Amino acid sequence: MSASLTLSPGAKIELLAPAGKIYDAENLAEVPKLIQRWGFQVRLGGHLLGQHPFCAAPLEERWADLKTALNALDSKALWCYRGGYGSAELLPKLAELPRPQHTKLLIGFSDLSALLLFFQQKWGWPTLHAPGAKQFITQSIDTTSQALLPGLLQGRIQRIVYP
């Protein structure tokens, strides 16, 4: 694993929802506590609980959150709450955006693969295809997976080898 996956203690992680709708505000409220337990700070996107039938918010609101997070000078990573539908809609807007000056780690899976590939291929940024915050809060992933992401971010795990 690249050292660029490791965050400094106290680093700020932006929690975003560029894809599927968040139906569980109670679980969302637990994410900052989880990130703080890992030794990091968190900033929540402004439109996580927007009004849209399928996505976390309408396209312009999801774009505003992503663009703000990309240009924030004080954050080091972007973690997506869940996969779902809607990330690919952001690609044309990303393609028009000049590459932000500060490299950030993008963490997500499922529909977020479109953004993961864009960040890697167009900007050369590090990405992690990893569970979203929802999967941690709802404990819908196994304990090994629950240990890997914080271990990578904290630098306790340097590489993962699959037999």
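The rules behind each value
Residues numbered from 1 in each chain as written. Predicted model: local features only at pLDDT ≥ 70, side-chain atom pairs only at ≥ 80, totals over all residues. Heavy atoms only, no water. Helix = DSSP H or I, 4+ residues; strand = E, 2+ residues; numbered from the N terminus. Rg over C-alpha atoms; globule rule 2.2 N^0.38 Å. Buried < 20%, exposed > 50% of the residue type's maximum accessible area, 1.4 Å probe, protein only. Contact = heavy atoms within 4.5 Å. Lys, Arg positive; Asp, Glu negative; His and termini not counted. Charge placed at Lys NZ, Arg CZ, Asp CG, Glu CD. Pairing = 2+ DSSP bridges. Axes fitted to C-alpha atoms, helices over the stretch in contact; angles between N-to-C directions. Core = buried A, V, L, I, M, F, W, Y, C linked by side-chain atoms within 4.5 Å. Expected span 1.5 Å × (residues − 1). Arc of directions from axis to C-beta. Phe/Tyr/Trp six-rings, centres within 6.5 Å; stacked < 30°, edge-to-face > 60°.

I would appreciate a short explanation of the overall build of the protein in the present structure.
Each helix and strand in the protein was counted, giving seven helices and five strands. Listed by position from the N terminus, the elements making up the protein come as β-α-α-β-α-β-α-β-α-β-α-α. For the protein, whose C-alpha radius of gyration is 15 Å, the value lies close to the compact-globule estimate of 15 Å for 163 residues. Taking all 163 residues of the protein together, the buried fraction comes to 49%. Here the analysis covers contacts within the protein between residues at least 6 apart in sequence; of these, 72% occur between residues at least 24 apart. Treating the 16 positive side-chain charges of the protein as one cloud and the 12 negative ones as another, the clouds have centres 7 Å apart.

Explanation requested: the sheet that holds strand E2 (residues 41–44) in the structure shown.
Within a sheet, adjacent strands bond to each other through the backbone by hydrogen bonds, running parallel or antiparallel. Taken together, five strands build an open sheet; the order of strands is E2-E1-E3-E4-E5 and the sheet is parallel. In this open sheet, the two edge strands, each paired with only one partner strand, are E2 and strand E5 (127–129). Shown here is a sheet whose adjacent strand axes are inclined to one another by a mean of 20°, direction ignored. Direction of pairing for strand E3 (residues 75–80) relative to strand E4 (residues 105–108): parallel, over a ladder of three bridges. By the bridge assignment, Ala 77 is partnered in E4 with Leu 105. Running over the sheet, helix H5 (residues 113–123) touches E3, E4 and E5 and is turned about 150° from E5.

Just to check I follow, could you spell out the nonpolar core for this structure?
A general feature of soluble globular proteins is that nonpolar side chains tend to end up buried together. Of all hydrophobic cores here, the largest spans 31 residues; its most connected members are Trp 79, Leu 128, Leu 149 and Leu 153. Put simply, the parts of the chain that give this core at least two residues each are strand E1 (12–16), helix H2 (31–37), E3, E4, helix H6 (133–137) and helix H7 (143–154). Core analysis: the next-biggest nonpolar cluster, separate from the first, contains 19 residues, Trp 63, Leu 94, Phe 118 and Trp 123 among them.

What is the right way to look at helix H3 (residues 59–71) in this model?
Given 3.6 residues to a turn, an α-helix orients residues that are three or four positions apart in the same direction. In this model H3 runs 18 Å from its N-terminal to its C-terminal C-alpha over 13 residues, within 8% of the 18 Å that 1.5 Å per residue would give. The complete set of buried residues in H3 reads Arg 62, Trp 63, Asp 65, Leu 66, Ala 69 and Leu 70. Looking straight down H3, one finds its buried side chains confined to an arc of 160°; they lie on one side. If you follow the buried residues of H3, they end up packed against E1, E3, helix H4 (91–96) and H5.

Can you help me understand the side chain of Arg 62 in this one?
Structurally, the position occupied by Arg 62 is in helix H3. If sequence neighbours within four positions are ignored, Arg 62 has contacts with Ala 17, Pro 18, Ala 19, Cys 55, Ala 56, Ala 57, Gly 86, Ser 87, Glu 89 and Leu 90.

Where do I start with the packing of aromatic side chains in this structure?
We describe a pair of aromatic rings using the distance from one ring centre to the other and the angle between the two ring planes. Evaluation of the coordinates by the stated rule reveals seven aromatic pairs. Between Trp 79 and Phe 136, the aromatic rings sit 5.5 Å apart at their centres with planes inclined by 75°, giving edge-to-face as the arrangement. Of this pair, Trp 79 sits in strand E3 while Phe 136 sits in helix H6, placing them 57 residues apart in sequence. Residue Phe 136 is classed as buried on the basis of its relative accessible area of 7%. Residues Phe 118 and Trp 123 carry aromatic rings whose centres are separated by 5.2 Å and whose planes lie at 80° to one another, so their mutual orientation is edge-to-face. Of the two residues, Phe 118 and Trp 123, neither departs from the other in class, the shared state being buried.

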